[in-house]
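A structural walkthrough
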Amino acid sequence: MGKIYQNIESSILKNEKLLAVLIDPDKFVIANIDTFIQKVNVSIATHIFVGGSYVDESETGVLIGEIKKYTQLPILLFPGDITQLTSEADGLLFLSLLSGRNPDYLIGKHVQAVSKLSKMKLEVIPTGYILIENGKITAVEKVTNTKPISRNNILSIKDTAKAGELLGMKLIYLEAGSGALQPITTGIISAVKNELNIPLIVGGGIKNKQQLEMAYNAGADLVVIGTAFEEDESFFDELRK
Ligand code: 1GP
């Protein structure tokens, strides 16, 4: 695997927790990018993820080009669709939606992506993406036309994550959905973490430092936060290095 993945692994070995700030091109005002990224830079954030469920073609590349003017942090694509692939990024979470049974999001879009990816120098990281219900219908559910796994079905969540690892995926991402009413529970995180030998990403609905710490303590290696920063940039002040 490439440098971004190796750095994730070595952070885990050193017991360092990772934080990705998720920037959705659809929701972000590009004029504010410099002040926003300066806040990211002085926070504990280690990665920037860029992506969303509803993004116009070419918007992602322009946004990442701007972000790169202000930060050295690795920028990973977290795409809702192949139209969001751009060589401006450093890497790609090559997501397979393991919680669903829509072949397009398990393998179809990936096949379509290959001819684009072969012209780019992105570090491609195969990622098992598992959507867990949180009490409301998420954008992922609507766009992919799949059902999330019930938060009560811990066995199915664990087995889905493990199946992803056994298929050769390098990361597992437990997703409650952007703006989820409740983040993934600590019970789910710790149950999945105990099964896995690969890094675990957790995101969706994390809005404060306490929830962030709870996710880390339960076993999340990397936490993703988007909405809380979009809604209140002062949250970065609580997360200064
Ligand atoms: C969504 O997991 C990410 O895909 C982040 O969710 O926007 O709720 O932080 P939030």
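Here goes a summary of the coordinates provided.

**Brief notes about the overall build of the protein**
Helix and strand content of the protein: 10 helices and 8 strands. The dimensions of the protein, computed from C-alpha atoms along their principal axes, are 45 × 40 × 35 Å. The buried share among the 241 residues of the protein stands at 53%. Contacts in the protein between residues at least 24 apart in sequence constitute 72% of all its contacts with a sequence separation of at least 6. Carbon and sulfur atoms make up 51% of the accessible area of the protein, which totals about 11000 Å². Side chains of the protein give 24 positive and 28 negative charges; the mean places of these two sets differ by 4 Å.

**Describing helix α7 (residues 186-195)**
Those residues of α7 that sit buried are I188, I189, A191 and V192. For α7, the secondary structure elements touched by its buried residues are α6 (154-166), β6 (171-175), β7 (200-203) and α8 (209-218).

**Topic: the site of the ligand**
By nearness alone, 14 residues border the ligand, and E175, G179, G205, G226 and T227 come closest of all. For the ligand, an oxygen atom lies 2.7 Å from a polar atom in the backbone of G179. At 3.0 Å from an oxygen atom of the ligand is found a main-chain nitrogen or oxygen belonging to G204. In the complex, the protein chains occlude 96% of the 300 Å² of accessible area that the ligand would expose alone. Secondary structure elements with two or more residues in the shell around the ligand: β6 and β8 (222-225). When grouped by side-chain class, the residues that make up the shell around the ligand number 5 nonpolar, 8 polar and 1 charged.

**What to know about the pairing of β6**
When you tally the buried positions in β6, you get 5 out of 5 residues, the bulk of the element. Every second residue of β6 is oriented toward a common face, with L171, Y173 and E175 on one face and I172 and L174 on the other, all of them buried. As judged from the 5 bridges shared by strand β5 (residues 123-131) and β6, these two strands associate in the parallel manner. If you follow I130 over to β6, its bridge partner there is L174. With 4 bridges connecting them, β6 and β7 associate as parallel partners. Residue pairing in the sheet places I172 in a bridge with L200 of β7. In this fold, β6 hands off to α7, which returns the chain to β7; that crossover is right-handed.

**Concerning the pattern of salt bridges**
Scanning the entire structure with this criterion turns up 7 salt bridges. The residue K27 makes a salt bridge to D24 at a minimum N-O spacing of 3.9 Å. Given the relative accessible area of 45%, K27 is considered partly exposed. You can call D24 buried: its relative accessible area is 9%. Among the salt bridges present, the one from K147 reaches E141, with a minimum N-O distance of 3.4 Å.

**With respect to the packing of aromatic side chains**
Applying the stated rule across the entire model yields 8 aromatic pairs. Look at F28 and F36: their rings are 4.9 Å apart centre to centre, the planes differ by 75°, and that puts the pair in the edge-to-face class. Given a relative accessible area of 16%, F28 falls into the buried group. Given the relative accessible area of 2%, F36 is considered buried. Here the aromatic rings of F49 and F78 are separated by 6.2 Å at their centres, their planes lie at 35°, and the arrangement is tilted.

How each quantity is defined
- Residues numbered from 1 in each chain as written.
- Predicted model: local features only at pLDDT ≥ 70, side-chain atom pairs only at ≥ 80, totals over all residues.
- Heavy atoms only, no water.
- Helix = DSSP H or I, 4+ residues; strand = E, 2+ residues; numbered from the N terminus.
- Buried < 20%, exposed > 50% of the residue type's maximum accessible area, 1.4 Å probe, protein only.
- Contact = heavy atoms within 4.5 Å.
- Areas by Shrake-Rupley, 256 points an atom, 1.4 Å probe, with all protein chains shown as cover.
- Lys, Arg positive; Asp, Glu negative; His and termini not counted.
- Charge placed at Lys NZ, Arg CZ, Asp CG, Glu CD.
- Near = heavy atom within 4 Å.
- Polar contact = N/O pair within 3.5 Å; in protein donor to acceptor, adjacent residues only side chain to side chain.
- Nonpolar A, V, L, I, M, F, W, Y, C, P; charged D, E, K, R; others polar.
- Pairing = 2+ DSSP bridges.
- Right-handed = clockwise from strand over helix to strand, strands pointing away.
- Salt bridge = Lys/Arg side-chain N within 4 Å of Asp/Glu carboxyl O.
- Phe/Tyr/Trp six-rings, centres within 6.5 Å; stacked < 30°, edge-to-face > 60°.

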